[in-house]
Amino acid sequence: MSHDFLSFFTAWMAAPRRVGAIAPSGTALAELITRDITADTGPILELGPGTGAFTYRLLKRGVRQQDLTLIEYGSDFMRLLQLRFPGARVLWMDAARLGSEQLYQGAPVGAVISGLPLLNMSPRKVISIVSGAFSYIRPGGTFYQFTYGMRCPVPRPILDRLGLRATLVDRALLNVPPAAVYRLTRRPQYKLLTRDTAPAADTGVSPVAKEHRASQDCATPA
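Let me begin by describing the structure that accompanies this report. (Residues numbered from 1 in each chain as written. Predicted model: local features only at pLDDT ≥ 70, side-chain atom pairs only at ≥ 80, totals over all residues. Heavy atoms only, no water.)

The subject of this paragraph is the environment of Leu159. Along the polypeptide, Leu159 turns up in helix 7 (residues 156-162). Classification of Leu159 by relative accessible area gives buried; the value is 0%. C-alpha separation for the pair Leu159 and Ser131, spaced 28 residues apart in sequence, amounts to 9.9 Å. (Helix = DSSP H or I, 4+ residues; strand = E, 2+ residues; numbered from the N terminus. Buried < 20%, exposed > 50% of the residue type's maximum accessible area, 1.4 Å probe, protein only.)

Remark: helix 3 (residues 27-34) packs on helix 4 (residues 53-60), axes separated minimally by 9 Å, with the N-to-C direction vectors making an angle of 55°. Classified by the angle their axes make, helix 3 and helix 4 are oblique. In terms of crossing hand, the pair formed by helix 3 and helix 4 is right-handed. Taken together, the residues of helix 4 that come into contact with helix 3 (itself represented by Thr27, Leu29, Ala30, Glu31, Ile33 and Thr34) are Ala53, Phe54, Arg57 and Leu58. Considered class by class, the residues forming the contact of helix 3 with helix 4 number six nonpolar, two polar and two charged. (Axes fitted to C-alpha atoms, helices over the stretch in contact; angles between N-to-C directions. Parallel < 35°, antiparallel > 145°, perpendicular 65-115°, else oblique. Left-handed = near helix turned anticlockwise from the far one by under 90°. Contact = heavy atoms within 4.5 Å. Nonpolar A, V, L, I, M, F, W, Y, C, P; charged D, E, K, R; others polar.)

Quick look at the nonpolar core now. With 32 residues, the main nonpolar core has Leu45, Leu47, Leu98, Val130, Phe143, Val154 and Leu184 as its most contacted residues. Those elements giving two or more residues to this core turn out to be strand 1 (44-47), strand 4 (109-114), helix 6 (123-134), strand 5 (137-147), helix 7, strand 6 (164-172) and strand 7 (179-186). At six residues, helix 6 tops the list of elements feeding residues into this core. The contact partners of Leu184, leaving out residues within four places of it in the chain, are Val130, Phe134, Gly141, Thr142, Phe143, Cys152, Val154, Leu159, Arg165 and Ala166. Of all hydrophobic cores here, the second largest spans 24 residues; its members include Phe54, Leu68, Leu81 and Ala88. (Core = buried A, V, L, I, M, F, W, Y, C linked by side-chain atoms within 4.5 Å.)

The next point concerns the sheet that holds strand 6. In space, the seven strands of this open sheet follow the order 3-2-1-4-5-7-6, with mixed pairing throughout. Of all strands in the sheet, those bounded by a partner on one side alone are strand 3 (89-92) and strand 6. Recorded for the sheet is a direction-independent mean angle of 20° between the axes of neighbouring strands. Where strand 2 (residues 68-72) lies against strand 3, four bridges are found, and the strand directions are parallel. Within strand 3, the residue paired with Leu70 across the bridge is Val90. Its contacts with the sheet put helix 6 on strand 1, strand 4, strand 5, strand 6 and strand 7, and the angle it makes with strand 5 is roughly 145°. (Pairing = 2+ DSSP bridges.)

Of the two faces of strand 1, the one carrying Ile44 and Glu46 and the one carrying Leu45 and Leu47 are both buried. When strand 1 meets strand 2, the two strands line up parallel, connected through four bridges. Across the sheet, the residue bridging to Leu45 is Thr69, located in strand 2. Crossover connection from strand 1 via helix 4 to parallel strand 2: handedness right-handed. Here strand 1 pairs with strand 4 via four bridges, running parallel. When the sheet's bridge partners are listed, Glu46 is paired in strand 4 with Ile113. (Right-handed = clockwise from strand over helix to strand, strands pointing away.)

Moving on: unusual backbone geometry. Put simply, Gly42 and Pro43 share a cis peptide bond, and its omega is 0°. Relative to the elements of secondary structure, Pro43 occurs in the loop between helix 3 and strand 1. A cis geometry characterises the amide bond from Val176 onward to Pro177, with omega recorded as -5°. With respect to the helices, strands and loops of the structure, Pro177 is situated in the loop between strand 6 and strand 7.

Set out below in structure tokens:
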């Protein structure tokens, strides 16, 4: 949309660390971050959709609007999303609250698409967002995150703590600026702790050994 650049630029000027970009994501990035999504993937949880660049691409992939939940913190973007995607569930909230809300019954989400500027956030907030999102993701589901940085925006210690693996999907060099997409998945035989589960005792394994084992299992490309 022709006025989307102005909307993004205005939002960035008001809160550059929260918005993280001066323009909406381009077609190349939208294609890349949604390329593994099909009509059978849903429900889909989208974090920080902005003006809906990824959302439009999800609809072209066959995802139904009623299978979309859009989490947006910016009130102007939220109202725009409600107008553009009337069949989707659009929530005005901070994604760091995901773990304390009850967005779904159980964990039915097939994929999370995130346009949040994680590099601008504190480790504590990144943990809240990622762990909260995974509490809704079904077994085998995926969290897709893009970044303008050279490495995965979720640091290795956080991946280790949450029992996740990060894999580089590809880079969208034609995007302005160029961006990369990472796929976050649960490690094999790892059960992510959610609001409904309690820590289990890990007997016979020292903390040092457990930390070493987790680091070995982390696959984050440089």
